[in-house]
Structure formats: C-alpha cells, structure tokens
Amino acid sequence: MRPPACKAGAAPDNGAPQRGEPMFQALARALGQFDDPRIHRVVWKSFAGALLVFLVLAVLLWFLAGWMVAGLAHWVDWVAHAGTVILTVALAWFLFPVAVTAIVGFFLEDVAEAVEARHYPGRPAPRQQSFAAMLLAGLRFAAVAVLLNLALVPIYLILLLLPPLYLVVFYLVNGYLLGREYFELVAYRRLEERGADAMRSAHRGRLTLAGAVIAFMLTIPVVNLLAPIAAAAFALHLFEAMRREPTVRP
C-alpha cells in the first residue's frame, strides 16, 4: 500500500537521508532518481551540452598540442602528428570531468526540484540567485579547474608510468574540485555564502571523497553523460544530511 504524501511543512519522507547516513546510500538515492520524467528531460539537455563541451575542448586541445610539437624536425613529422593525436585525446580525457561540470549549473534547478519533490516535500522555495551570479560561479570554477589540471599535465604524464600513484593524484585533485563545486551549487540555493562555506569547511574530507566518486563517474564513457545529473542529486542528498548534523548550524 502506498504511503500518504507529506503535507507542506512536514518532515521529509522515509526516503530522506537521516543523520550520519552513509555516503553511498545518498548516491544510491541519486541514481534511483533517473526513473523521474523530469530527470529524463534534463538528460537530453545534458547530452547536447556535454557533446558541445567535448567538441570545443577537443578542437582547442588539438591546436594546443599541434603548437607544442610544431618545433620538431621534419623527418620526425609523422611522430609529431601521432603525438598530437595522443596528446589531444589524453588532455581531453583529463579535462572532460571538470569541463562538463561547468554546464550542470544551467540544469541544477530542474534536478534539485525533482529531488526535493520526491524526498523533501514541503520545503520552502530556494533563495533567488541571479543568472549572472550562477554564470560567474560556473566560469570561475571552470577556469580554476582547467588551469590546475593543465598545470598538472606533466605530472599526470609522468605518473602514467606508475598507474596507482597517478590515480591517487588525479582523483584527489578532481575530488576536491568537484566536491567543492557540486556542494556549492546546491548549498547556495538554501544558505547564505558564509553559512555554506562554514558547512563545507566542516565536511571537507567527506566532500573530497564524494568528489572523487563524481570524478570516477565522469571518466567512464557513456556514464559521464549522466554523471553531472547524478552528481547534482548526490550533492543535494549529502547537503540535506549535513544540515541535520548538530555540529553545523548555519
């Protein structure tokens, strides 16, 4: 028998995260949201956005890689071209997780509304954020993330010889960036920046781990097209769980 819907102002339904909820339970709730028709519409938007981001990124990196190998002698020209292709693919692979995340802000409200309607009914309307503020935050994150990963490319290439260490560095760096970005995207809907930043600082380790999970999803072909949507829902569940913890009172 189907349980009755929660009335406005009532406590979250039984599917809402409780205090101390394991992180992967929050992730499971986020993935379970993909049967929602409202999420289906966002999926198609994300497909278009992710494809555009990847194509632009690949073209830019092709010219960058070509410039880097332009100084090689003519007799090794074929090596230069092969290196350009390999470097372009490698750089696109490294930077895709952070680049595609930059577009999720445009779909965040649709995802958040769907998650809140199912798991947190009766919540008041979120804070109003201007389009300019959201765009600036997304561009700031994208710039920091892309520049940081570009600076680490030589280290990444060296660490390819030591796969376990490479994976640790890659997921640690992107875990921090993605955990912070997704948390801010959902937290700023409900809290002033000071309160959201205090909560983020109090849960930095947990958010870095969550970001590493998101980074892993973003590096799996095909899955990475859905990962930004799942990540937004995942971050919202973590935020709601953190709000219930007595150590943080925004």
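Here is what the cut-offs are and how they apply
Every chain's residues receive numbers from 1 upward, in the order its sequence appears when written. Whole-chain, interface and lining totals are the exception, using all residues; otherwise, since this is a predicted model, local features are given only for residues with pLDDT of at least 70 and side-chain atom pairs are given and counted only at 80 or more. Note that water and hydrogens are dropped before the side-chain values are worked out from all heavy atoms of the structure. Numbering of helices and strands runs from the N terminus; a helix is a DSSP stretch of H or I covering at least four residues, while a strand is a stretch of E covering at least two. The buried label goes to any residue with under 20% of its type's maximum accessible area, the exposed label to any with over 50%, and the partly exposed label to all in between, with areas taken from a 1.4 Å probe on protein chains only. Any pair of residues with heavy atoms lying within 4.5 Å of one another is described as a contacting pair. Each accessible area is a Shrake-Rupley estimate made with a 1.4 Å probe; only the visible protein chains count as cover when residues are assessed. Simply put, an axis is a line fit to the C-alpha atoms, just over the touching stretch for a helix, and the angle between two N-to-C directions goes from 0 to 180 degrees. Working rule for angles: under 35 degrees goes down as roughly parallel, over 145 as roughly antiparallel, 65 to 115 as roughly perpendicular, anything else as oblique. For a crossing to be left-handed, the near helix must be turned anticlockwise from the far one by less than a right angle; the clockwise case is right-handed. Each residue gets one of three labels, nonpolar for Ala, Val, Leu, Ile, Met, Phe, Trp, Tyr, Cys and Pro, charged for Asp, Glu, Lys and Arg, and polar for the others, Gly among them. Salt bridge, as applied in this entry: a Lys or Arg side-chain nitrogen positioned within 4 Å of an Asp or Glu carboxyl oxygen. Nonpolar cores were defined as sets of buried Ala, Val, Leu, Ile, Met, Phe, Trp, Tyr and Cys residues, with membership established by side-chain atoms within 4.5 Å. Patch construction takes residues with relative accessible area above 30% that form no salt bridge. Like charges are linked within 9 Å, and nonpolar side chains (Val, Leu, Ile, Met, Phe, Trp, Tyr) are linked within 5 Å. Each direction from the helix axis to a C-beta atom contributes to the arc, which is the arc of those directions. Only the six-membered ring of Trp is used, alongside the rings of Phe and Tyr, when aromatic pairs are assigned; centres must lie within 6.5 Å, and planes under 30 degrees apart are stacked while those over 60 apart are edge-to-face, with the rest tilted.

S.K.: For the overall build of the protein, give the residues involved together with the corresponding values.
M.R.: Scanning the protein from N- to C-terminus turns up 10 helices and zero strands. Order of helices (α) and strands (β) in the protein, N terminus to C terminus: α-α-α-α-α-α-α-α-α-α. For the protein, the proportion of its 250 residues judged to be buried stands at 46%. If you take every contact in the protein between residues at least 6 apart in sequence, the share linking residues at least 24 apart comes to 82%. In the structure as shown, the protein presents an accessible area of about 13500 Å², 72% of it carried by carbon and sulfur atoms.

S.K.: Help me get a handle on the packing of helix α7 (residues 163–187) against helix α9 (residues 204–218), residues and values and all.
M.R.: Viewed as axis vectors pointing N to C, α7 and α9 meet at an angle of 105 degrees, and their least axial separation amounts to 6 Å. In terms of orientation, α7 lies roughly perpendicular with respect to α9. Residues Tyr171, Leu172, Asn174, Gly175, Tyr176, Leu178, Gly179, Tyr182 and Phe183 of α7 form the contact with α9, whose own contacting residues are Leu207, Thr208, Gly211, Ala212, Ile214, Ala215, Phe216 and Leu218.

S.K.: Describe the packing of helix α4 (residues 108–119) against helix α10 (residues 223–243), naming the residues involved and giving the relevant values.
M.R.: The interhelical angle for the contact between α4 and α10, taken along N-to-C directions, is 50 degrees, at an axis separation of 9 Å. Taken as axis vectors, α4 and α10 run oblique relative to one another. In the crossing of α4 with α10, the sense of the turn from one axis to the other is right-handed. Residue-level contacts link Leu108, Val111, Ala112, Val115, Glu116 and His119 of α4 to Ile229, Ala232, Ala233, Leu236 and His237 of α10. A class-by-class count of the residues in the contact of α4 with α10 yields eight nonpolar, two polar and one charged.

S.K.: Tell me about the pattern of salt bridges, and please be specific about residues and values.
M.R.: Under the definition given, this model contains 13 salt bridges. Between Arg189 and Glu116 there is a salt bridge; the shortest N-O distance is 3.1 Å. Here the residue Arg189 occupies a position in the loop between α7 and α8 (193–202), and Glu116 occupies one in helix α4, the gap between them amounting to 73 residues. Each of the two residues, Arg189 as well as Glu116, counts as buried. Between Glu184 and Arg200 there is a salt bridge, with its nearest N and O atoms 3.4 Å apart. With a gap of 16 residues between them, Glu184 in helix α7 and Arg200 in helix α8 connect regions that are remote in the sequence. For the pair Glu184 and Arg200, a shared accessibility class is recorded, and that class is buried. Bridged by salt links that share partners, the residues Glu109, Glu116, Arg189 and Arg190 form one connected network.

S.K.: Which residues make up the nonpolar core, and what values go with them?
M.R.: Judged by nonpolar contacts, the single largest core of 50 residues is most densely connected at Val111, Tyr182, Phe183, Ile214, Phe234, Leu238 and Phe239. For this core, the elements supplying multiple residues, two or more each, are α1 (23–31), α2 (37–69), α4, α7, α8, α9 and α10. With 12 residues, α10 is the largest single contributor of residues to this core. Dropping the residues within four chain positions of it, Phe234 is found in contact with Met23, Ala26, Leu27, Ala30, Ala210, Val213 and Ile214.

S.K.: Can you tell me about a nonpolar patch on the surface, naming the residues and giving the values?
M.R.: On the surface, a cluster of nonpolar side chains totalling about 490 Å² of accessible area is made up of Phe106, Phe131, Met134, Leu135 and Leu139. Structurally, the position occupied by Leu135 is in helix α5 (residues 131–151).

S.K.: Tell me about α1, and name the residues and values.
M.R.: Helical periodicity: at 3.6 residues per turn, an α-helix aligns residues three or four positions apart in one direction. Taken as a whole, α1 has its buried residues at Met23, Ala26, Leu27, Arg29 and Ala30. For α1, the angular spread of buried residues about the axis comes to 160 degrees, placing them on one side. On its buried side, α1 packs onto α4, α9 and α10.

S.K.: Which residues make up the packing of aromatic side chains, and what values go with them?
M.R.: A ring pair, where both rings are aromatic, is described by two values, the distance of the centres and the angle of the planes. Enumeration according to the criterion identifies three aromatic pairs in this entry. Judged by centre distance (5.1 Å) and plane angle (80 degrees), the rings of Phe170 and Tyr171 are edge-to-face. With relative accessibility at 2%, the residue Phe170 sits in the buried group. We classify Tyr171 as buried; its relative accessible area is 18%. An aromatic cluster is built from Phe170, Tyr171 and Phe216, whose rings are joined through pairwise contacts.

S.K.: Got a sec to walk through the side chain of Gln33? Specific residues and values, please.
M.R.: Relative to the helices and strands, Gln33 resides in the loop between α1 and α2. For Gln33, a relative accessible area of 2% gives the class buried. Those residues within four positions of Gln33 in sequence are excluded, and the remaining contacts are Ile39, Ala114, Val115, Arg118 and His119.

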